[in-house]
Amino acid sequence: MADNQVQSLSQFTLSETPDGYLLEIEGSGGGSMVVTATPEQIDAIIDALDDLLSENEAAVDEVSTD
């Protein structure tokens, strides 16, 4: 994005290619970005999201049990 304005995620698609994956991310402003990713990179994305969601769940559990 040239204007550095953060857009909300409106959709994404993930397709398998012979070399890995093709990831297309579309923002609420209509802009999109297409990147290729290796299986290892997709695994790293999945792990990072899982870690982040686990941290959020733990924080909610701490608030709920107090």
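Everything that follows concerns the structure shown earlier in this document.
Draft legend 1. The arrangement of a negative patch on the surface in detail. On the surface, Glu40, Asp43, Asp47, Asp50, Asp51, Glu55 and Glu57 cluster together into a negatively charged patch. Within the secondary structure layout, Glu57 lies in helix H1 (residues 39-65). Relative accessible area serves as the criterion here: at 54%, Glu57 is assigned to the exposed category.

Draft legend 2. A look at the environment of Gln7. For Gln7, the position within the fold is in the segment before strand E1 (9-17). Taking the C-alpha atoms as reference, Gln7 lies 5.3 Å from Gly27; in sequence the two are 20 residues apart. There is a polar contact of 3.3 Å between the side chain of Gln7 and the backbone nitrogen of Ser28. Of note is the side chain of Gln7, whose polar atom sits 2.7 Å from the backbone nitrogen of Gly29.

Draft legend 3. Expanded view of the sheet that holds E1. Pairing within the open sheet is antiparallel, and its three strands lie in the order E1-E2-E3. Strand pairing shows two members of the sheet lacking a second neighbour, E1 and strand E3 (32-37), which therefore form its edges. Shown here is a sheet whose adjacent strand axes are inclined to one another by a mean of 15°, direction ignored.

Draft legend 4. Quick peek at the environment of Ser32. Mapped onto the elements, Ser32 comes out in strand E3. Its relative accessible area of 49% is what places Ser32 among the partly exposed residues. Dropping the residues within four chain positions of it, Ser32 is found in contact with Glu24, Ile25 and Glu26.

Draft legend 5. A look at a nonpolar patch on the surface. Judged by side-chain polarity, Leu9, Phe12, Leu14, Ile25, Met33 and Val35 come together as a nonpolar surface patch covering roughly 550 Å² of accessible area. Mapped onto the nonpolar patch, the elements with two or more residues apiece are E1 and E3. It is E1 that provides the largest number of residues to the nonpolar patch, a total of three residues. Locating Met33 in the fold gives a position in strand E3.

Draft legend 6. Spotlight on the pairing of strand E2 (residues 20-27). Summarising the sheet, E1 and E2 pair through eight bridges and their orientation is antiparallel. Its bridge partner being in E2, Leu9 is matched across the sheet by Gly27. Connecting E1 to the antiparallel partner E2 that follows it, the hairpin turn spans two residues. Summarising the sheet, E2 and E3 pair through six bridges and their orientation is antiparallel. Each residue of the ladder has a partner; that of Ile25, found in E3, is Met33. Between E2 and E3, which pair antiparallel and follow one another directly, the connecting turn spans four residues, one of which, Gly30, has a positive phi of 95°.

About the criteria used
Position numbers for residues start from 1 in each chain and track the written sequence from start to end. This being a predicted model, a pLDDT of at least 70 is required before a residue's local features are given, and a value of 80 or more before pairs of side-chain atoms are given or counted; all residues contribute to the totals for chains, interfaces and linings. To obtain the side-chain values, all non-hydrogen atoms of the structure were included, while hydrogens and water were left out. Two distance rules govern patches: like charges are joined within 9 Å, and nonpolar side chains (Val, Leu, Ile, Met, Phe, Trp, Tyr) within 5 Å, applied only to residues with over 30% relative accessible area and no salt bridge. Under the convention used here, a 1.4 Å probe and the Shrake-Rupley method define accessible areas, while residue burial counts only the protein chains that appear. Here a salt bridge means any side-chain nitrogen of Lys or Arg lying within 4 Å of a carboxyl oxygen belonging to Asp or Glu. Note on charges: Lys and Arg go in the positive column, Asp and Glu in the negative column, and His and the chain ends are not counted at all. Lys charges are placed at NZ, Arg charges at CZ, Asp charges at CG and Glu charges at CD. By definition, any uninterrupted DSSP run of H or I lasting at least four residues is a helix, any uninterrupted run of E lasting at least two residues is a strand, and each is numbered from the N terminus. Exposure categories follow from relative accessible area, calculated using a 1.4 Å probe and restricted to protein chains: below 20% of the type maximum is buried, above 50% is exposed, and the middle band is partly exposed. By the criterion applied in these results, polar contacts are pairs of N or O atoms within 3.5 Å in which, for protein atoms, one can donate a hydrogen and the other can accept it, and in which residues neighboring in sequence qualify only through two side-chain atoms. Criterion used throughout: strands pair if DSSP finds at least two bridges between them. Angular values range over 0 to 180 degrees, each being the angle between N-to-C directions of two axes fitted as lines to C-alpha atoms, with helices fitted over their stretch in contact. Contacts are residue-level and defined by heavy atoms, with any inter-residue pair within 4.5 Å sufficient.

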